[in-house]
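# Fold and geometry: a report
Each chain is listed here by its residues.
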Amino acid sequence: MSFTREEMAARAADAGIEWDFLVIGGGATGAGVAVDAAMRGLSVLLVDRDDFGKGTSSRSTKLVHGGVRYLQQGNIALVMEALKERGILRDNAPHLVHDLPFVVPNYTWWEAPFYGIGLRIYDLLAGKHGFGPSRNLSVEKTLERIPTIETEGLRGGVVYYDGQFDDARLLINLVRTAAEFGAVTVNHMEAVRILRRDDLVCGAVLRDRESGGEFAVRARAVINAAGPFVDGVRRLDEPDAPPMIRPSQGVHIILDQSFLPGDSAIMVPHTDDGRVLFAIPWRGRTLVGTTDTPIDDLPKEPRALDHEVEFLLTHAARYLTRDPGRDDVLSVFAGIRPLAAGDAATTAALSRDHTLHISRSGLVTITGGKWTTYRKMAEDTVDQAATIARLDPPACATKTLRIHGHVERAEEFGELAVYGSDALSILNLVRESPRNAEPLHPSLETIEAEVVWAARSEMARTVEDVLSRRTRCLLFNAAASVEAAPRVAEILAKELGRDAAWQAAQVRAYEETAAVYRL
C-alpha cells in the first residue's frame, strides 16, 4: 500500500468497509495498537485529529528506561516490565534506540553506597535485558565521563545504563509499520461523534481537517487512545463521564552541546519537587528535564511556565560548572502526561501504570503508561478490544517485530542515522539534485532532501509536521527553525501542489507555534 495521505484518506472514507478496529489517537499507544492489531490480521483504521505524535508522544525526555524513580516508589512490577520492554525495543528498533551511560554524582558520604545498592538492584531486575552493569566511580572517573560536572564537594559517582531514542522518529516508523501490515493511517482526521447501534458503540463520524468533509465509519470496536485527551473522546460516548486522568505538565529545555560534552548523561535522583532530573546529550545538544506541574486545562500547544524554566536552570546550575541562563536556551518544550487518576497527593507520586477502561456501550479506552511500555500496552488493549468485537485473532507477535527502518549499524549514515534503512532513499534524493543536499539553515544539520522525503513518504502535511516531528529542528533551535520555515513551505508547496497563499499561511502558523518554544 502506498503511504500517502490521499490514498489513506480515500480508504478511510470507503463506506463499504466495516473495520475490526477504529483507533482514535495517533501517538505511541494508538500507533502501537495499530501495529499489533494489523499484525494479527485485523482490519485497522488509525486517525489523529492533528499530526501523528503532535501531543505527548513527541515531547518526552527521549529515554527508553525502566524508571529509577519507580524503583524508589517500590513499584517493582512496573520497573521489571519496563526493563523487559526496554530490551525488546532496542532489539526491534536499533536504528533509534541505543545505550546511554548515566552518572549519579555524589556530594555527600551516604550517596555512593545508597545509590550504588539501588542501581545494582536495578541491574538485577533487568536480568538478561540489561544494558550494562552499574558501578561506583572515583572523582577522577566521574570527571572523565562528565568533564563539566560541578567539582566543589564532589566525592565521586555511580554509573548505570539505560536507553535513549528519538520519540517522534520512532512514532512515524511505527505508523509506517502498521501501514505495511495493512492498517489505514490518517493524520489531520478528527473523530467528532461516536456512533451507536442498539446502545453499543459501532463506529464514529470523522472530519477531514484538510477538506472539511465529514463521513461515518463503521467498526466492530472503537479504541480511544487519545493520550491527554481521552476524557474528551469518552464524553463523545458518555457526556457525563467522570475524568480518568489527572494531567501533569513536564517541561524540558535544550542547551548547546558544550554544556554537556561527551556521551554520558547526569541523573539527579531527588530534586526540590521530588522528581528525578536528567541532563542528557541528545542529537548534538543537551536536553535538561523535567518538571511535574499539575494542570487543569489541556491546551493543544502547552506552554512552559516561567517558574518551570527557572527550576530547570537552577538545578542545572547546581551540577554544571557553567551555569546556563535564559539566553542559552535554544528551545523549550512542554508535554502533558495523561496520568491515570489516583489518590496520590501530587502528580509526581501517581503511578505510570496503564489503565484500560470499557464503557457501558463498549468504548475501549487506554491511558496512562509511558513510551517504554507502549508495546505491552498495545498487546493488552488489542486482547481486550478483540473480546468486545467478538473476534478471535492470533496471539500478539510484536515481541520480535522489526520496526520500519530497522538496521543494525545506522551510525554509518551519519546525520541520517535516525532514518535507519530509509537513509538510503534520502541519499538517492541527494544524488538526484545537488540542491537537496543543502542545509535548511547554518545552525541546523537538516538538509532539504529530508523535507522532500517527509512530504513524499512520511505523510507530512504542514511546515510544523516537518520542522517539529519529521525533523526535530523546532527542538534543536527554535529561532533557526523559524528562519528555515519559508524554504520548507516552498518545498512542501511544490510537493503537495499548494499555492503561494498556502505557503504564506503556513509560515505564519508556524511562527505562532514556534513562539511557544522560545523564551
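Residues numbered from 1 in each chain as written. Predicted model: local features only at pLDDT ≥ 70, side-chain atom pairs only at ≥ 80, totals over all residues. Heavy atoms only, no water.

## A short note on empty space enclosed by the protein
If you walk through the whole model with that rule in mind, you get seven cavities of 30 Å³ or more. Computed from the structure, the largest cavity encloses a volume of approximately 70 Å³. In this structure, the largest cavity is lined by G32, V35, D36, N92, L174, Y374, R375, A378, T398, L401 and I403. Listed by contribution, the elements that provide at least two residues to the lining of the largest cavity are α2 (28-39) and α10 (374-388). (1 Å grid on protein atoms, 1.4 Å probe; cavity = no way out; pocket = protein on both sides within 12 Å on 5 of 7 lines; lining within 4 Å. Points joined across faces, edges and corners; volume = space filled by probe spheres on them. Helix = DSSP H or I, 4+ residues; strand = E, 2+ residues; numbered from the N terminus.)

## Considerations on the side chain of D48
With respect to the helices and strands, D48 occurs in the loop between β2 (44-47) and β3 (63-64). For the buried residue D48, which engages in no salt bridge, the nearest side chain bearing the opposite charge is R49, 6.0 Å off. Separated by 2.7 Å, the side chain of D48 and the backbone nitrogen of G26 make a polar contact. The residues touching D48, leaving out its near neighbours within four places in the chain, are G25, G26, G27, V186, N187, H188 and M189. (Buried < 20%, exposed > 50% of the residue type's maximum accessible area, 1.4 Å probe, protein only. Lys, Arg positive; Asp, Glu negative; His and termini not counted. Salt bridge = Lys/Arg side-chain N within 4 Å of Asp/Glu carboxyl O. Polar contact = N/O pair within 3.5 Å; in protein donor to acceptor, adjacent residues only side chain to side chain. Contact = heavy atoms within 4.5 Å.)

## Some words on the layout of surface pockets
Rolled over the atoms, a probe with the dimensions of a water molecule shows which regions are left empty. Of the pockets and cavities examined, the second largest pocket occupies roughly 640 Å³. Mapped by element, the contributors of at least two residues to the lining of the second largest pocket are β4 (98-106) and β13 (277-282). In terms of residues, the lining of the second largest pocket owes the most to one element, β4, which gives four residues. Tallied by class, the residues present in the lining of the second largest pocket amount to eleven nonpolar, seven polar and nine charged. (Nonpolar A, V, L, I, M, F, W, Y, C, P; charged D, E, K, R; others polar.)

## So, the environment of W110
Here W110 shows up in the loop between β4 and α5 (111-126). Residue classification places W110 among the partly exposed residues on the basis of a relative accessible area of 36%. Each C-alpha atom, one on W110 and one on V430, is 55 Å from the other, the two residues being 320 residues apart in sequence. Reaching out from W110, the side chain makes a polar contact with the side chain of T108 at a distance of 3.1 Å.

## Observations concerning the pairing of strand β18 (residues 364-368)
In regular strands, side chains alternate between the two faces of the sheet. Where burial is concerned, most of β18 is hidden: five out of the five residues are buried. Across two bridges, the pairing between strand β10 (residues 214-224) and β18 is parallel. Bridge pairing links N224 to T365 in β18. Bridge analysis of strand β17 (residues 354-358) against β18 gives five bridges, and the strand direction is antiparallel. Bridge pairing links H354 to G368 in β18. Taking the residues that link successive antiparallel strands as the turn, the β17-β18 hairpin has five residues, and the phi of G362 there is positive, at about 100°. (Pairing = 2+ DSSP bridges.)

## Section: the packing of aromatic side chains
Aromatic ring pairs are reported here in terms of the distance separating the ring centres and the angle at which the planes meet. Inspection of every chain in the model, using the stated rule, returns ten aromatic pairs. Between F102 and F278, the aromatic rings sit 5.7 Å apart at their centres with planes inclined by 75°, giving edge-to-face as the arrangement. One end of the pair, F102, is in strand β4; the other, F278, is in strand β13, with 176 residues separating them in the sequence. Each member of the pair, F102 as well as F278, is classed as buried. Centroid distance W282 to F476: 5.7 Å. Interplanar angle 50°. Geometry classified as tilted. Taken as a pair, W282 in strand β13 and F476 in helix α14 (residues 473-476) lie far apart in primary sequence, 194 residues in all. (Phe/Tyr/Trp six-rings, centres within 6.5 Å; stacked < 30°, edge-to-face > 60°.)

## Things to note about the nonpolar core
Counting residues in each nonpolar core, the largest one holds 137 residues, and the members touching the most others are F21 and L45. With 29 residues, the next largest nonpolar core counts L260, A279, L312 and A316 among its residues. (Core = buried A, V, L, I, M, F, W, Y, C linked by side-chain atoms within 4.5 Å.)

## Brief notes about the pattern of salt bridges
According to the stated counting rule, one finds 45 salt bridges in the structure shown. Between E495 and R456 there is a salt bridge, with its nearest N and O atoms 2.8 Å apart. Residue E495 is found in helix α15 (residues 478-496), and its partner R456 is found in helix α12 (residues 448-457); the two are separated by 39 residues along the sequence. Overall, the relative accessible area of 27% leaves E495 in the partly exposed class. The exposure class of R456 is partly exposed, given its relative accessible area of 44%. Look at the salt bridges and you will find they share partners, linking D51, K54, R59, E301, E464, D465, R469 and R470 into a network.

## Here we look at helix α1 (residues 5-12)
Residues R5, M8, A9 and A12 constitute the buried set of α1. Seen along its axis, α1 keeps its buried residues to an arc of 95°; they face one direction. (Arc of directions from axis to C-beta.)

## Observations regarding α5
Given 3.6 residues to a turn, an α-helix orients residues that are three or four positions apart in the same direction. Taking 1.5 Å of rise per residue, the 16 residues of α5 would be expected to cover 22 Å, and the 22 Å separating its terminal C-alpha atoms lies within 8% of that figure. Where α5 is buried, its residues contact α3 (68-72), α4 (76-92), β4, β5 (135-137) and β6 (156-164). Where α5 ends, the next residue or the one after it, G127, has phi of about 55°, a positive value. (Expected span 1.5 Å × (residues − 1).)

## Considering a nonpolar patch on the surface
A contiguous nonpolar surface patch, about 410 Å² in accessible area, is contributed by W109, W110 and F114. Position of W109 among the secondary structure elements: in the loop between β4 and α5. (Patch = residues over 30% accessible without salt bridge, like charges linked within 9 Å, V, L, I, M, F, W, Y side chains within 5 Å. Areas by Shrake-Rupley, 256 points an atom, 1.4 Å probe, with all protein chains shown as cover.)

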